[in-house]
Amino acid sequence: MKVYEKVYNYYIEQMKEGTLKKGDKIPSLRETEGILDVSRTSVETGYMQLAADGYIYSVEKVGFFVSEMAEQLFFIDKNNQSQSKESNQKKSKAKPVAKYDLATIGEDKRSSCLDLWRRYMKSALRQEERLLTYAKNQGEDDLREEIASYVRKNRNIICSPEDIVIGAGFQSLLIILMGLLDGEKSISFPTRNFSDGAAVFSNGGYEVSYRNKESHVIYVTPSYMTKWGEIMTMKRRRELIEHAQKNDHLIIEDDYQNEFVFSSKPTPSLYAMTGGDRVAFLGSFSRILLPSVRISFLILPKGYRDRYAQMQTLYNQTASKAEQIALTQFLRDGHLNRHIKKTARLYEDKRKTFHDLLKKYFKDDSEIYMGNSGMEIGLVIYKPNLSAKIKASGVDVYIVDEGEETTTLLLSCGIIEESEMEAAIKKLYIGLQK
């Protein structure tokens, strides 16, 4: 066995045993040298192999962390293994697990491109010369060029690579954008569910409100206006743009779920409609590629390029350089567009089946809401206080609201298999009739 495999196998076992869980930081290179009595080179190689296989991810100048994929894989593996008598006794005392999951907003395993992504990560890790230097603060040049080409083809956005800033998730990019803004410190979000973004601006001294068009900064998700995927109408888009221009406000356009809009009508971006005037654009590859790939991007509003150039040295890059290299080639080879098309076809058929089954069972005393994007459907049942019955039904769902006369549920068909859909819906329906 090669020495680096000792490092690799050691941390795999830690994850399998549950000693290391999702989000946990793994020991530093120096600490692992001492723990396993191996060279630094072997530790680095072992870490890079763990990252290439998707078990860990890096945060620049912070360290390596256990990915969500690792927890999911080893949780499944652990539960498929034979359990000892003591383990089974403990398990029997644990809280019963719901048989069907209609609550998790996740991806169908059939849409995964993990095997293909792993090959690109391994290729990226062979670029030793590039990996021996820090990532560029703004993001790798070739990746920004590919993203500029991608948004031009897919969102009709004309921008320069110099207008694009790469980061690991939206929070780091919002911090950068916030540092570029002037004027009144107030921002409005669509709902209180945007807690991560609200925290960034609140910590920056902004007054945070919700659905307040008088705020100086207005954060919107045009392709996902409600929990069940309603999209912003063209009339509303024009009104919002006109309002921002008239009052010198800034719009932050979060393009969440646009790749999975199933309407026949095109959904033009606010950035494209204005040429970037008073609009910042946020995009991410986590939802459309893999949740563990933490690469997002910000397209600066028109006229902000020079402002950013003056302060970019203050913000270190947070996205993994290896992942940036891999994503560049992944985009260049056209795999992302093919992956999106394949996934969109799968999801469109799946959500139609799910909607039809809901209509079959919940046809009385309820209303069903399905927008034009996403895999979530709203279900309003004209009965109050259903949480206990839902819990006892053996079906996990997300309870949006419990009113005096109604209960509103959000049901996701993202991860459930189509062969189990009817059984899950029927079980939920019967449970609510008791």
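How each quantity is defined
Residues numbered from 1 in each chain as written. Predicted model: local features only at pLDDT ≥ 70, side-chain atom pairs only at ≥ 80, totals over all residues. Heavy atoms only, no water. UniProt positions renumbered as here; feature names shortened; annotations may be inferred. Helix = DSSP H or I, 4+ residues; strand = E, 2+ residues; numbered from the N terminus. Rg over C-alpha atoms; globule rule 2.2 N^0.38 Å. Buried < 20%, exposed > 50% of the residue type's maximum accessible area, 1.4 Å probe, protein only. Contact = heavy atoms within 4.5 Å. Areas by Shrake-Rupley, 256 points an atom, 1.4 Å probe, with all protein chains shown as cover. Lys, Arg positive; Asp, Glu negative; His and termini not counted. Charge placed at Lys NZ, Arg CZ, Asp CG, Glu CD. Axes fitted to C-alpha atoms, helices over the stretch in contact; angles between N-to-C directions. Left-handed = near helix turned anticlockwise from the far one by under 90°. Nonpolar A, V, L, I, M, F, W, Y, C, P; charged D, E, K, R; others polar. Domains from an automatic or database assignment. Buried area = accessible area lost by both parts, 1.4 Å probe. Salt bridge = Lys/Arg side-chain N within 4 Å of Asp/Glu carboxyl O. Polar contact = N/O pair within 3.5 Å; in protein donor to acceptor, adjacent residues only side chain to side chain. Pairing = 2+ DSSP bridges. Phe/Tyr/Trp six-rings, centres within 6.5 Å; stacked < 30°, edge-to-face > 60°. Lys NZ or Arg CZ within 6 Å of the ring centre and 35° of its normal. Parallel < 35°, antiparallel > 145°, perpendicular 65-115°, else oblique. pLDDT = per-residue confidence, 0-100. Arc of directions from axis to C-beta.

As named in an unreviewed UniProt entry, the chain is GntR family transcriptional regulator / MocR family aminotransferase, taken from Pseudobutyrivibrio xylanivorans. Taken from UniProt, the Sequence similarities (unreviewed entry) comment for the chain reads in full: "In the C-terminal section; belongs to the class-I pyridoxal-phosphate-dependent aminotransferase family."

Asker: Even after reading the chapter, I still don't get the overall build of the chain, so can you show me in this structure?
Answerer: The helix and strand tally for the chain stands at 17 helices and 15 strands. The C-alpha atoms of the chain give 23 Å as radius of gyration, which agrees with the globular expectation for 434 residues (22 Å, within 12%). A principal-axis box enclosing the C-alpha atoms of the chain has dimensions of 70 × 65 × 40 Å. Counting the 434 residues in the chain, one finds 48% classified as buried. A separation of at least 24 residues holds for 71% of the contacts in the chain among residues at least 6 apart in sequence. A total accessible area of about 22,100 Å² is found for the chain, and carbon and sulfur atoms account for 48% of it. If you average the places of the 63 positive and of the 60 negative side-chain charges in the chain, the two averages end up 3 Å apart.

Asker: So what exactly am I meant to see when it comes to unusual backbone geometry here?
Answerer: Outside of glycine, negative phi angles account for most residues, and trans bonds account for most peptide bonds. The backbone phi angle of Asp248 is positive, close to 55°, even though this residue is not glycine. One can find Asp248 in the loop between helix H11 (234-247) and strand E8 (250-254). Positive phi, close to 75°, is recorded for Gln257, a residue that is not glycine. Note on Gln257: relative accessible area 2%, which makes it buried.

Asker: So what exactly am I meant to see when it comes to the packing of helix H8 (residues 141-155) against helix H14 (residues 321-332) here?
Answerer: Axis angle and axis distance: for two packed helices, these are the angle between their axes and the distance between the axes, and together they describe the pair. The N-to-C vectors of H8 and H14 enclose an angle of 35°; their axes lie 9 Å apart at closest approach. As for the relative orientation of H8 and H14, their crossing is left-handed in sense. The residues of H14 that touch H8, namely those facing Asp142, Leu143, Glu146, Ile147 and Tyr150, are Gln324, Leu327, Thr328, Leu331 and Arg332. Looking at the contact of H8 with H14 residue by residue, the class counts come to five nonpolar, two polar and three charged.

Asker: Help me understand the domain arrangement of the chain, please; the structure alone is not making it clear to me.
Answerer: What the domain assignment lists for the chain is domain 1 (3-87), domain 2 (100-107 + 341-433) and domain 3 (136-319). With 22 residues of domain 2 in contact, the opposing surface of domain 3 contributes 18 residues. Summing the contributions of domain 2 and of domain 3, the shared interface buries around 1,500 Å²; its carbon and sulfur component is 60%. On the domain 2 side of the interface with domain 3, the three residues burying the most area are Glu107, Asn372 and Ser373, jointly 33% of the side's total. Inspection of the domain 2/domain 3 interface yields zero salt bridges. Between the two partners, domain 2 and domain 3, sit seven residue pairs in polar contact (both at pLDDT 80 or more). Counting residues per element, the ones that place at least two in the side of domain 2 that touches domain 3 are helix H15 (335-361), strand E12 (376-381), strand E14 (398-402) and strand E15 (407-412). Residues that form the side of domain 2 that touches domain 3 fall into these classes: ten nonpolar, eight polar and four charged.

Asker: I keep staring at the sheet that holds strand E7 (residues 217-220) and nothing clicks. Help me out?
Answerer: Backbone-to-backbone hydrogen bonds join strands into a sheet, with any given pair of strands oriented parallel or antiparallel. Pairing is mixed across the open sheet formed by seven strands, whose spatial order is E4-E10-E9-E8-E7-E5-E6. Two strands lie at the open edges of the sheet, namely strand E4 (164-167) and strand E6 (207-210), each paired on one side alone. Between one strand and the next, the sheet's axes are offset by a mean angle of 20°, whatever the strand orientation. As judged from the four bridges shared by strand E9 (residues 279-284) and strand E10 (residues 296-299), these two strands associate in the antiparallel manner. Bridging across to E10, Ser284 finds its partner in Ser296.

Asker: Whenever I open this one, the packing of aromatic side chains confuses me. Can you help?
Answerer: Two descriptors summarise a pair of aromatic rings, namely the distance from one centre to the other and the angle between the planes of the rings. Overall, the coordinates contain 20 aromatic pairs when judged by the stated rule. Ring centres of Tyr10 and Tyr11 lie 4.9 Å apart, and the angle between their planes is 80°; this geometry places the pair in the edge-to-face category. Given the relative accessible area of 28%, Tyr10 is considered partly exposed. Aromatic side chains Phe201 and Tyr206 sit 5.1 Å apart centroid to centroid with 80° between the ring planes, which places their arrangement in the edge-to-face category. There is no split in this pair, since Phe201 and Tyr206 are both buried. In this structure an aromatic cluster arises from ring pairing among Tyr150, Tyr271, Phe281, Phe285 and Phe297. Over the ring of Tyr304 we find Arg307, and its NZ or CZ is 4.2 Å from the ring centre.

Asker: Help me understand the packing of helix H1 (residues 3-17) against helix H2 (residues 29-36) in this model?
Answerer: At a minimum axis distance of 11 Å, the contact between H1 and H2 shows a crossing angle of 95°. The pairing of H1 with H2 is recorded here as roughly perpendicular in orientation. Note on element contacts: H2 touches H1 through Thr32, Ile35 and Leu36, opposite Lys6, Val7, Tyr10 and Tyr11. A breakdown of the residues in the contact of H1 with H2 according to their chemical character gives five nonpolar, one polar and one charged.

Asker: Help me understand the confidence of the model for the chain, please; the structure alone is not making it clear to me.
Answerer: Atomic detail in the predicted coordinates should be set aside for any region of low pLDDT. For the chain, per-residue confidence averages 87 on the pLDDT scale, and 92% of positions sit at 70 or higher. The model gives residues 76-96 a pLDDT under 50, and that stretch makes nine contacts with residues more than four places away or in other chains.

Asker: Would you take a moment to explain H2 for this structure?
Answerer: One full turn of an α-helix is made of 3.6 residues, so residues set three or four places apart face in the same direction. Listed in full, the buried residues belonging to H2 are Leu29, Thr32 and Leu36. For H2, the arc enclosing every buried residue in end-on projection is 60°, short of the 170-degree limit, so these residues lie on one face. Opposite the packed face of H2, turned more than 90 degrees from it, sit the exposed residues Arg30 and Gly34. Downstream of H2 by one or two residues, Asp37 has phi in the positive range, about 55°.

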